[in-house]
Amino acid sequence: MRYGYYPGCSLHSTAQEFDQSLKVVCDKLGVELVELDKWVCCGASAAHNISQLMAIALPMANLAIMPKMGLEEVIIPCAACFSRFKIAQHSIKTDKKIKREVVEVIHKDCNDEAKVIHPLTPFSQKPLISKIPTLVERDLSELKVACYYGCLLTRPPKVTEFDSPEYPMSMDNVLRASGITTVDWPHKTICCGASFALSKPDIVVNLSHNVIQEAKLAGADAIAVACPMCHANLDTRQDDMERKFGTHPQMPILYFTQLMGYSFGISPAELYIHKHLTEAEKIFEKVGQPA
């Protein structure tokens, strides 16, 4: 299985553990990731606040790279990048004027038929969902995880075309196939504060604290995420939560690929589990599979 790969800015910087763990898991699964040549930033959470044309042109410039590389599908793990690409494609397909303007800007034809997918989609479907259990080497069945999808993967559903917008299950199914117990809880897609992290941090502290508290109430030992922004808010704001609410949550926040990789027997160092601010290694000791 061969896919184009767009890591985006976060996975080459603050979310290196997502990039690294995704690559080693894909290697185990027999999935080849081909990074797009000379890709550029998709605009993330900034471009669309300045220019609609820029917000659409940046993702489309990246998709225009794919035909020369012989690629039809591209995996985009960052939920923010995934959202921007899907919105750009939707805009191109529904607005001919915008499409003409984008072609003028990027000096290339819009590759609007490219398949933009999040890694959870192929992971949760055959043949990969059937292959995952055959790779499990560590018994993590006693580990209880709350799968947190956040806002951007599932909404708006007509644009993202990803799982249920209210109660998604793709991450749950992937982790369950990896031998991990996932909990039933109501905050799967409740916002963590997203890009308010710098402009309105109090909102992020409150919303992220609510997410963690609900995961605790559901009996979770850890929260699994698929978004660098969600990871940053939930992981790095726990000291702030202690100052505001009086108690440190001590909730490990891991990318779902790190949990998959650990179940596959991959070393913690190779999965970059040490990079998190809130200690994550202790949860593996709890279930008798120390890091």
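Every value quoted in this text rests on a predicted model; they were computed, and no experiment measured them.

Colleague: How should I be thinking about helix α7 (residues 128-135) in this particular structure?
Modeller: Because the α-helix completes a turn every 3.6 residues, residues three or four places apart line up on one side. Considered for burial, the residues of α7 that qualify are L128, I129, I132 and L135. All buried residues of α7 project into a common sector of 110 degrees when viewed along the axis, lining one side. Buried residues along α7 sit against α2 (16-29), α6 (120-123), α9 (170-177) and α14 (256-263).

Colleague: Is there a simple way to think about the sheet that holds strand β5 (residues 144-148) in this case?
Modeller: Backbone-to-backbone hydrogen bonds pair the strands of a sheet. The strands run either parallel or antiparallel. Taken in spatial order, the 4 strands line up as β6-β5-β7-β8 in an open sheet, and their pairing is parallel. At either margin of the open sheet sits one strand with a lone partner, and together these are β6 (181-182) and β8 (253-255). Bridge count between strand β7 (residues 222-225) and β8: 3 bridges; the pairing is parallel. Its bridge partner being in β8, I223 is matched across the sheet by I253. Lying on the sheet, helix α12 (residues 228-236) is in contact with β5, β7 and β8; it crosses β8 at an angle near 165 degrees.

Colleague: Could you clarify how one ought to interpret the side chain of N111 in this entry?
Modeller: Among the structural elements, N111 can be located in the loop between α5 (96-106) and β4 (115-117). Here N111 falls in the buried class, since its relative accessible area comes to 15%.

Colleague: Where do I start with the environment of S10 in this structure?
Modeller: Secondary-structure assignment places S10 in helix α1 (residues 8-11). By relative accessible area, S10 is classed as partly exposed at 24%. Setting aside residues no more than four positions away along its own chain, S10 makes contact with A15, Q16 and P228.

Colleague: What is the right way to look at the environment of C227 in this model?
Modeller: Along the polypeptide, C227 turns up in the loop between β7 and α12. In this structure C227 comes out as buried when scored by relative accessible area, which is 4%. What C227 contacts, discounting residues up to four positions off in sequence, is F18, A79 and Y255.

Colleague: Would you mind showing me how to read the UniProt feature "domain: Cysteine-rich" (unreviewed entry) in the chain here?
Modeller: The UniProt feature table records "domain: Cysteine-rich" (unreviewed entry) at residues 4-85 and 145-235. End C-alpha to end C-alpha, residues 145-235 measures 15 Å, and it is 45% helix and 11% strand.

Colleague: Would you mind showing me how to read the domain arrangement of the chain here?
Modeller: A common way to report how large an interface is uses the accessible area buried once the components associate. Once the domains are mapped, the chain shows domain 1 (2-119) and domain 2 (136-290). Between domain 1 and domain 2, the C-alpha centre-to-centre distance is 24 Å. Taken together, the two surfaces of domain 1 and domain 2 that pack against each other cover about 2,200 Å², and 76% of this comes from carbon and sulfur. The tally of links from domain 1 across to domain 2 stands at 1 salt bridge. The shortest N-O distance in the salt bridge between E161 and K86 comes to 3.2 Å.

Colleague: What should I look at first to understand unusual backbone geometry in this one?
Modeller: Note on backbone geometry: most residues besides glycine have negative phi, and most peptide bonds are trans. Residues K126 and P127 are joined by a peptide bond in cis, for which omega reads 10 degrees. Position of P127 among the secondary structure elements: in the loop between α6 and α7. In this chain, R155 is followed by P156 through a cis amide linkage whose omega measures -10 degrees. Turning to its location among the elements, P156 is positioned in the loop between β5 and α8 (157-160). Phi at K38 is positive, roughly 50 degrees, even though this residue is not glycine. Positionally, K38 belongs in the loop between β2 (32-35) and α3 (52-63). The class of K38 is exposed, set by a relative accessible area of 79%. The backbone phi angle of A194 is positive, close to 45 degrees, even though this residue is not glycine. Inspection of the secondary structure assignment puts A194 in the loop between β6 and α10 (196-199). With a relative accessible area of 27%, A194 lands in the partly exposed category.

Quick notes on the rules
- Residues numbered from 1 in each chain as written.
- Predicted model: local features only at pLDDT ≥ 70, side-chain atom pairs only at ≥ 80, totals over all residues.
- Heavy atoms only, no water.
- Buried < 20%, exposed > 50% of the residue type's maximum accessible area, 1.4 Å probe, protein only.
- Helix = DSSP H or I, 4+ residues; strand = E, 2+ residues; numbered from the N terminus.
- Arc of directions from axis to C-beta.
- Contact = heavy atoms within 4.5 Å.
- Pairing = 2+ DSSP bridges.
- Axes fitted to C-alpha atoms, helices over the stretch in contact; angles between N-to-C directions.
- UniProt positions renumbered as here; feature names shortened; annotations may be inferred.
- Domains from an automatic or database assignment.
- Buried area = accessible area lost by both parts, 1.4 Å probe.
- Salt bridge = Lys/Arg side-chain N within 4 Å of Asp/Glu carboxyl O.

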